[in-house]
Structures are given as structure tokens and as C-alpha cells.
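Structure assessment
Chain residues, written in single-letter form:
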Amino acid sequence: MHSGQYQDKNDEQLAALAINDPHAFVPLVRRYEARLLAYIRRISGFSKEDAEDVLQEAFMDAYRHIASFDNNLKFSNWIYRITHNRTISIYRKKRNSLNNYSTDDEDLGFERILASNEDIQLKAENTITKQKVKQILDQLPPRDKEVLILAYMEEKSYEEIGDILRAPMGTVATWIRRAKIKFAKLADKEKII
Amino acid sequence: MSIAEQFEQKINQGDLPKPVPKFLVTAARAALWIFLALVVSLGSLSAGVAAWFMTDPVALSGAAAGASWVDLFLQALPMFWVVIALLCGFLAIIIFIKSARGYKYRRVYVVTACLVGFLALGAALASAGVSDTIDKMAYENIPQYNGLSKPRMLHLMKPDSGFIIGRVQTMDGSRLVIRDPGGGVWEVRLDRETNIPVHFKIQIGDCVRILGDASSTIFTTDARDIKPCPRGIRHMPPQPPPVIER
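Residues numbered from 1 in each chain as written. Chains lettered and ligands numbered in written order. Predicted model: local features only at pLDDT ≥ 70, side-chain atom pairs only at ≥ 80, totals over all residues. Heavy atoms only, no water.

1. Brief notes about the overall build of chain B
- For chain B, the helix and strand inventory stands at seven helices and five strands.
- Here chain B, with 246 residues, has 40% of them falling under the buried criterion.
- A sequence separation of at least 24 residues applies to 65% of the contacts in chain B between residues at least 6 apart. (Helix = DSSP H or I, 4+ residues; strand = E, 2+ residues; numbered from the N terminus. Buried < 20%, exposed > 50% of the residue type's maximum accessible area, 1.4 Å probe, protein only. Contact = heavy atoms within 4.5 Å.)

What follows is the structure, given as C-alpha cells:
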């Protein structure tokens, strides 16, 4: 069967069909490759080529274990989880040889992180650069950086972040609150907010 | 070429590995839940036996007069069962958290639920009389269990303080002959002053605990108190008599 015939199916239906027909997995790859590529680069700082390699491996992992996909879970959370784990695993191996990636396509994400700090009475100034926000994110511990990126750049809910990082919602809320405070402190120190 | 296109190309060229079959995933999940059920069962049984030992009124009775409450508690604490229960609890928590949806629950809730569950199940099993059977089975089937129980037994076997335990060999109205865990045979003299619980009808083969006059030289004592052996000791198998070197 050709992958084009599956376009009208939702993610979870495609995942179920992919157990017996690999063509059903192709629309899933098509739907998620752009945002997962951006996500890999945001949390790891990998070059586009490296990020593509990671993503390809993540999709292969997902396909190999498609039978273990729990239909009670959203496919997007599951594929994010696999991609996240694969990225972190490779990131740990090669963190010393990372390139800085371009932030041109991420205006909205960075603005959302800044806007999230209004509740702790910090206001973004118009002069702030995306590069500075990225610098602050890079200074944060990995967990804080991941939750901020998932919450404000990927716009995931607490429940979705919990499914991706395999953590209870309450814990996710705590992580995000702490990460925001750390971000605000660093931003204040850097005098960008 | 996009990743989707590369993926499709692999399918068409037959380069894509086959996914893990569904039945294997189902079997692995079932095995995990069966293992969890076994761990919970063993943990509950262990917690039940531990609770049964620790709530033994005989273990904490005045027979060990002079001992502090801490000493009495430590004497009654069945370390073997406590360790098994803790290990099972730890394992059950890990398995549950690692299960497909276990991460959704806060660790503190999982740990609390595990503790409460083990204690509740254990208490139910203990009150159903299962703990006594398990203790007996452990003596019969685990050779090392006898050795593990010895420290508890030694607390109760201090002839120079008047504490003796042993299994009744023969008896009549005025005396008992018992064999202690080291194989020594004791003549225990009874009189009107000897205190025996009303519900305790001594029979040959019973494990009894004597509080009598201090004795360290001859195997004879005048009993002041006779009680059944505490839980965890009473099923201890009889020991052979000591070898006398000539």
C-alpha cells in the first residue's frame, strides 16, 4: 500500500496500522520531522546535519518499537519522548564538540519564554536579542532548559511534558516554576531584562 | 531528500528492519505485571510475618525482666522478614515506576501506597493465620533460616540469668524434662508457685520458655514462670544432643 493512502488517518490510527504496514509510518514522519528537528536543535545545539541524523535514528527507534506504543498516550508525546531520549543520549557523548545554531527561526519561542516571566515582575525590553536568551538557556541545568523549551517553544501542556519526560504533572509544574526563577535571576544578572 | 522520503525509500528497497512483534511486547508487559504481583505477594507475606512476630505478647512479656524496651523491641524484631519486606517494597516501587504509566504518579504517593498496601495485606494474612504457617515452612525448607533465628533464640537462652527455652521431652505433675536448642537436657521442677498461663496446656514436643532460678552448673532449675516460646522460635527444629568428648 502507498503511504499517500493514509493521509486522512490521525496519528494514533497510523501508529496502529504501522505495526503491519511500514507505509503507514511515512505520514507520521512527514508530520513530525520539521518540529522534531527544531526541537533537537533547541535542546542540544546540534548542527542541522547532526540533528537530522539523530532524528532519523529516533524515527527508526520509534518504528522498531511501534508495537509498544500505548494508544492511551498521544503519538506526539511518544515520538517527542523517543526523540528527546535519543537526543540527550547523543548530546552527552558529544557535548564538547557542539556548534552554535542559528536562532533566526525561533523568534516566537524566545519571546514566549520572556513573556512567561511577567508573573515574577520582569519585563522584556525591546532591545533584547534572541542570542542572549539562548545564552541564558545554555547556562541553565539541562532539566530546566528542557522544560522551558518544551513549555514555551514547543507549547506543550504540563501533562504533555510529563508524558515526554516521564514525570508526574505536579513535578513538571515544580520544575517549570524553578526553571523560570533561575532564568529570571540569570537574565537579571546579564541585565537583559 | 527529507527524512520521510528517505524512510519511504528504505521501505521500497526492503532496508527497513521489522518492528518488534506485538505479542512480544504484550508478553513482556504481562511478565512485568506478573513479577510485580509476585513481589507484592512475597513482600506482603514478609510484612505479615514481621508484624506477627513483633506483636507477639509473649516476646515482649516480663520473662526478659530487666531488659529495656529497646532491647525487647530488638529481640522481637525479625530482621530476616523485615529485610525481605523492604527489598520487595523497593523492587515493587521500581517496577511500578518503570511500568508504562507508572511515571504519572508522584513517588511519595507510590511509596506510601506500597507501605500501606504491604502492611494492610500483611495484617490480613497474619490475622488469617498464614504467618505461623510461613514461619513453619521456612524452618522446614530454608536451611539458613534456622541460623538466622539463632540470635533471637540466644536472647532467651541465658541459664545463668534463669532463662531457658527448650522442647518438652517428658512431663509429669511435678517436673518437665526439656531439651534446649544446644541439645542440653534440663530437669525443670514445678511447684504450686509456678506460674503457667491458664490457656497454655503443656504437651510433649511443645517449645516452652522457662523463667527459673539462675543456674550455670547443673541442668536443673525450679521454674517460676512457664510460657510458650515466642513466635519465630517455637517451630525451631529440635537439636541433636551435644557430643561429649572423652
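Once you've had a look at it, read on.
2. A closer look at the confidence of the model for chain B
- Averaged over all residues, the pLDDT of chain B equals 83, while 87% of them reach at least 70.
- Across the interface, the model reports ipTM at 0.75; the global pTM reads 0.75. (pLDDT = per-residue confidence, 0-100.)

3. A few points about the state of the cysteines
All names here are of chain B.
- Under the definition given, this model contains one disulfide over all chains.
- Each sulfur of the disulfide joining Cys-207 and Cys-229 lies 2.1 Å from the other. A torsion of -70° about the S-S bond marks the disulfide between Cys-207 and Cys-229 as left-handed. Residue Cys-207 is located in strand 4 (residues 207-212), and its partner Cys-229 is located in the segment after strand 5 (220-228); the two are separated by 22 residues in the primary sequence. Both residues of the pair, Cys-207 and Cys-229, belong to the buried class.
- Unpaired in this structure, Cys-88 has its nearest cysteine sulfur neighbour in Cys-114, at a distance of 9.3 Å.
- For Cys-88, a relative accessible area of 7% gives the class buried.
- The exposure class assigned to Cys-114 is buried, which follows from its relative accessible area of 12%. (Disulfide = S-S within 2.5 Å.)

4. As for the pattern of salt bridges
Residues and elements named next belong to chain A.
- Applying the stated criterion to the full structure yields 16 salt bridges over all chains.
- Residues Asp-11 and Arg-31 are paired through a salt bridge, measuring 2.7 Å at the closest nitrogen-oxygen approach. Placement of Asp-11 in helix 1 (residues 11-18) and of Arg-31 in helix 2 (residues 25-44) is noted, with a sequence separation of 20 residues between them.
- Each of Glu-57, Asp-61, Arg-64 and Arg-86 takes part in one network of salt bridges that share partners. (Salt bridge = Lys/Arg side-chain N within 4 Å of Asp/Glu carboxyl O.)

5. A few points about unusual backbone geometry
All names here are of chain A.
- Unlike most non-glycine residues, Glu-155 shows phi in positive territory, near 55°.
- By the secondary structure assignment, Glu-155 is in the loop between helix 7 (142-153) and helix 8 (158-165).
- According to the relative accessible area criterion, Glu-155 is exposed, its value standing at 53%.
- Within the chain, Arg-166 stands out as a residue other than glycine whose phi angle is a positive 55°.
- Tracing the backbone through its elements, the reader meets Arg-166 in the loop between helix 8 and helix 9 (169-190).

6. What to know about the side chain of Thr-221 of chain B
- Among the secondary structure elements, Thr-221 of chain B is positioned in strand 5.
- Filtering out sequence-adjacent residues up to four positions away, Thr-221 of chain B remains in contact with Ile-164, Glu-187, Val-188, Arg-189, Ile-210, Gly-212 and Asp-213 of chain B.

7. Some thoughts on the sheet that holds strand 2 (residues 175-179) of chain B
Residues and elements named next belong to chain B.
- Taking strand neighbours around the barrel as the criterion, the five strands line up as 1-2-3-5-4 in a closed arrangement whose pairing is mixed. Across this sheet, the average inter-strand angle for adjacent strands is 60°, counted without regard to direction.
- Pairing of strand 1 (residues 163-171) with strand 4 involves five bridges; the strand directions are antiparallel. Bridge pairing in strand 4 places Ile-164 opposite Ile-210. (Pairing = 2+ DSSP bridges. Axes fitted to C-alpha atoms, helices over the stretch in contact; angles between N-to-C directions.)

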